[in-house]
Amino acid sequence: MADAPIRRDGADLLVEVRLTPRGGADRIDGMKALSDGRSVVAARVKAVPEDGKANAAVAALMAAAAGLPKSSAAVVSGSTARLKTIRLTGASAEAETRLRAACGLPS
C-alpha cells in the first residue's frame, strides 16, 4: 500500500479514515483504496453529520477498536469532510496492534 492509513507520530497514532455518516451501524469496514492510490480505513457511524456528532462517533469508534478511552481520540483534520485524520493520544504498541487487527491490517 502506497500510504499506510495507520501511522505512528511519537507516542500517538494517526488514522486516515473515510467516514460514512448515517451508516446504520458503528463499525469499521476494513481498508479502502482511494482513486489517488492512498489507503484509508473505511468506517461508518449511525450519527448524523451535524454539530460534530459524526466526528465524535468515529473518534470513539477508533478509540474503542484500539482499546483506549474515548478521551484519547480526536479528529485533527477533515472535520467537515468524509476524509478525516484521527489522533489517538498515548497509544501503546498493544493499542496499535488491536487497531490494525480491527481494520484488517497486518501487525
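Refer to the structure printed above.
None of these values were measured; they are calculated from a predicted model.

(A) Seen up close, the nonpolar core. Core analysis: the biggest nonpolar cluster contains 28 residues, and Met 62, Leu 88 and Leu 99 have the highest contact counts within it. Taken together, the elements giving at least two residues each to this core come down to strand 2 (12–20), strand 4 (39–44), helix 1 (53–66), strand 6 (83–88) and helix 2 (93–103). At nine residues, helix 1 tops the list of elements feeding residues into this core. Those residues within four positions of Leu 88 in sequence are excluded, and the remaining contacts are Asp 12, Leu 13, Val 15, Met 62, Ala 63, Ala 66, Leu 68, Ser 72, Ala 73 and Leu 99.

(B) Just the pairing of strand 2, in detail. Burial within strand 2 is extensive, with seven of its nine residues counted as buried. Here strand 1 (residues 6–9) folds back onto strand 2, and the loop between the two strands holds two residues, one of which, Gly 10, carries a positive phi near 65°. As paired strands, strand 2 and strand 6 are joined by six bridges and run antiparallel to one another. Bridge pairing links Leu 13 to Leu 88 in strand 6. Pairing of strand 2 with strand 4, which is carried by four bridges, proceeds in the parallel orientation. Bridged to Val 17 within strand 4 is Val 41.

(C) Local environment of the environment of Ala 91. In this fold, Ala 91 is placed in the loop between strand 6 and helix 2. For Ala 91, a relative accessible area of 6% gives the class buried. Taking the C-alpha atoms as reference, Ala 91 lies 23 Å from Arg 38; in sequence the two are 53 residues apart. In this view, Ala 91 contacts Arg 8, Ala 11, Leu 13 and Leu 68; residues no more than four positions away in its chain are not counted.

(D) Quick peek at the pattern of salt bridges. Under the defined criterion, the tally for this structure stands at nine salt bridges. Arg 44 serves as the salt-bridge partner of Asp 29, at 2.7 Å between the closest nitrogen and oxygen. Of the two residues, Asp 29 sits in strand 3 (residues 27–33) while Arg 44 sits in strand 4, which places them 15 residues apart along the sequence. Given a relative accessible area of 34%, Asp 29 falls into the partly exposed group. The class of Arg 44 is partly exposed, set by a relative accessible area of 22%.

(E) Quick peek at the layout of surface pockets. The computed volume of the largest pocket comes to approximately 160 Å³. In this structure, the largest pocket is lined by 13 residues; those nearest its centre are Pro 49, Ser 79, Thr 80, Ala 81 and Lys 84. Residues of the lining of the largest pocket, tallied by class, amount to five nonpolar, four polar and four charged.

What counts, and where the lines are drawn
Residues numbered from 1 in each chain as written. Predicted model: local features only at pLDDT ≥ 70, side-chain atom pairs only at ≥ 80, totals over all residues. Heavy atoms only, no water. Core = buried A, V, L, I, M, F, W, Y, C linked by side-chain atoms within 4.5 Å. Buried < 20%, exposed > 50% of the residue type's maximum accessible area, 1.4 Å probe, protein only. Helix = DSSP H or I, 4+ residues; strand = E, 2+ residues; numbered from the N terminus. Contact = heavy atoms within 4.5 Å. Pairing = 2+ DSSP bridges. Salt bridge = Lys/Arg side-chain N within 4 Å of Asp/Glu carboxyl O. 1 Å grid on protein atoms, 1.4 Å probe; cavity = no way out; pocket = protein on both sides within 12 Å on 5 of 7 lines; lining within 4 Å. Points joined across faces, edges and corners; volume = space filled by probe spheres on them. Nonpolar A, V, L, I, M, F, W, Y, C, P; charged D, E, K, R; others polar.

Bear in mind that shape data such as this cannot, by itself, settle questions of function.
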